[in-house]
Amino acid sequence: MPTPPPQPFRWTLSSAGGAPPDRLGALTDGAEPPRLWYLPALTECAGKVLARAGGADLCFVGRSLDSMHDLLTGAFEGAPAPARPRLLRLPLSLRFTRRGWDPVVVRRLREHLAAVGLEPRALARRERPIALVDVVHGGSTYDVLHGALADWIEESREPWPVIRRKLRYVGVTIRAKTSPNTWRWQQHTEGGWARTLPAGHVVNVSLACGTWGYFGNAQTKVQPSFPPYRWFDEDAAEPWRHDGLPSALAESLALVEAGRSRAVREELIRTIGGEPGFADRAVRALVPPLRGQARSRSVSRSGSRSSITGRSRSSRP
């Protein structure tokens, strides 16, 4: 894949992407042992995302689901590359609209898309589908992303009938009672683009409101938001030093370590196996990498112990 343009720096915390984890030194000094109160819900949600994405590579949009990315990089760490999905990040803030964008901004967005394999020619020729994953409320981020992709695909004259089979969207939504009258974002996409994709290529996984709100709005992140007006900042790729960094990094490290644990991997396997999509060979293929890597690793690099309950043993009274 092409080298991405400057984007917010984020430390590598797992070797799942092929590179060794970064040495963090004293960056987490002073942080309280993280209490992963949401770990059971996040693990179940991650398993459903994997299954409902049809075994596709996952590309996490923005920062909201960095915790899911961290958990899964731990879970798939050590698995051979052909057997596991790629876990990518597109750390852009794309809410609201792209109307009035200058051509140079459009070109920069395309550079970011190409860096994660979303360039039209690459999309048409990829073997494994790719699923974009993000928290969704009204769907504006996906409207912007899909509109930009559709324009680029049309300009490139790459075959849309082929690309549409390779592209998926997963929305992590707020859990609500379902009924025929329930408002669903994919039924209100700009221009109705969701209807241009095959059935099952735009799907949802829900989280309780409080958990969704934590990831989407309240959680302290490792790196800053990255809206279009910052895409050309000279210091965009510099590490973001802020008061919440030690705690944010400690939480991310704890999630990677939790993903390495037997308990989380077995829960992911159980969740994937309980999904209707498990009948699909590509979804079943997710299980051997998780099962083969499952092992008990109770002590994290930071010295805390974690379990599927989400509570670090060192934080217990």
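Note that the structure is predicted; figures quoted are calculated from it, not measured.

### Topic: helix H8 (residues 245–260)
With 16 residues, H8 should reach 22 Å at 1.5 Å per residue; the first-to-last C-alpha distance of 23 Å fits that figure. The element H8 is extensively covered by neighbouring structure, given that 15 of its 16 residues are classed as buried.

### What about empty space enclosed by the protein?
Any empty space left between atoms is shown by rolling a water-sized probe over those atoms. Across all of its chains, the model carries 3 cavities of 30 Å³ or more by this definition. Every residue along the wall of the largest cavity is listed here: Arg 10, Asp 66, Ser 67, Asp 70, Gln 219, Thr 220, Lys 221, Val 222, Ala 248, Glu 251, Ser 252 and Leu 255. Among the elements that make up the lining of the largest cavity, the one with the highest residue count is H8 (4 residues). In terms of residue class, the lining of the largest cavity is built from 3 nonpolar, 4 polar and 5 charged.

### Comments concerning the sheet that holds strand E5 (residues 202–207)
Read from one edge of the open sheet, 5 strands run E2-E1-E3-E4-E5, paired in parallel fashion. Pairing within the sheet leaves two strands with one partner each, and these edge strands are strand E2 (87–90) and E5. Strand-to-strand, the axes of this sheet are offset by a mean angle of 25°, without reference to chain direction. Where strand E3 (residues 130–135) meets strand E4 (residues 167–174), 6 bridges bridge the pair, whose relative direction is parallel.

Reading the values: the criteria
- Residues numbered from 1 in each chain as written.
- Predicted model: local features only at pLDDT ≥ 70, side-chain atom pairs only at ≥ 80, totals over all residues.
- Heavy atoms only, no water.
- Helix = DSSP H or I, 4+ residues; strand = E, 2+ residues; numbered from the N terminus.
- Expected span 1.5 Å × (residues − 1).
- Buried < 20%, exposed > 50% of the residue type's maximum accessible area, 1.4 Å probe, protein only.
- 1 Å grid on protein atoms, 1.4 Å probe; cavity = no way out; pocket = protein on both sides within 12 Å on 5 of 7 lines; lining within 4 Å.
- Points joined across faces, edges and corners; volume = space filled by probe spheres on them.
- Nonpolar A, V, L, I, M, F, W, Y, C, P; charged D, E, K, R; others polar.
- Pairing = 2+ DSSP bridges.
- Axes fitted to C-alpha atoms, helices over the stretch in contact; angles between N-to-C directions.

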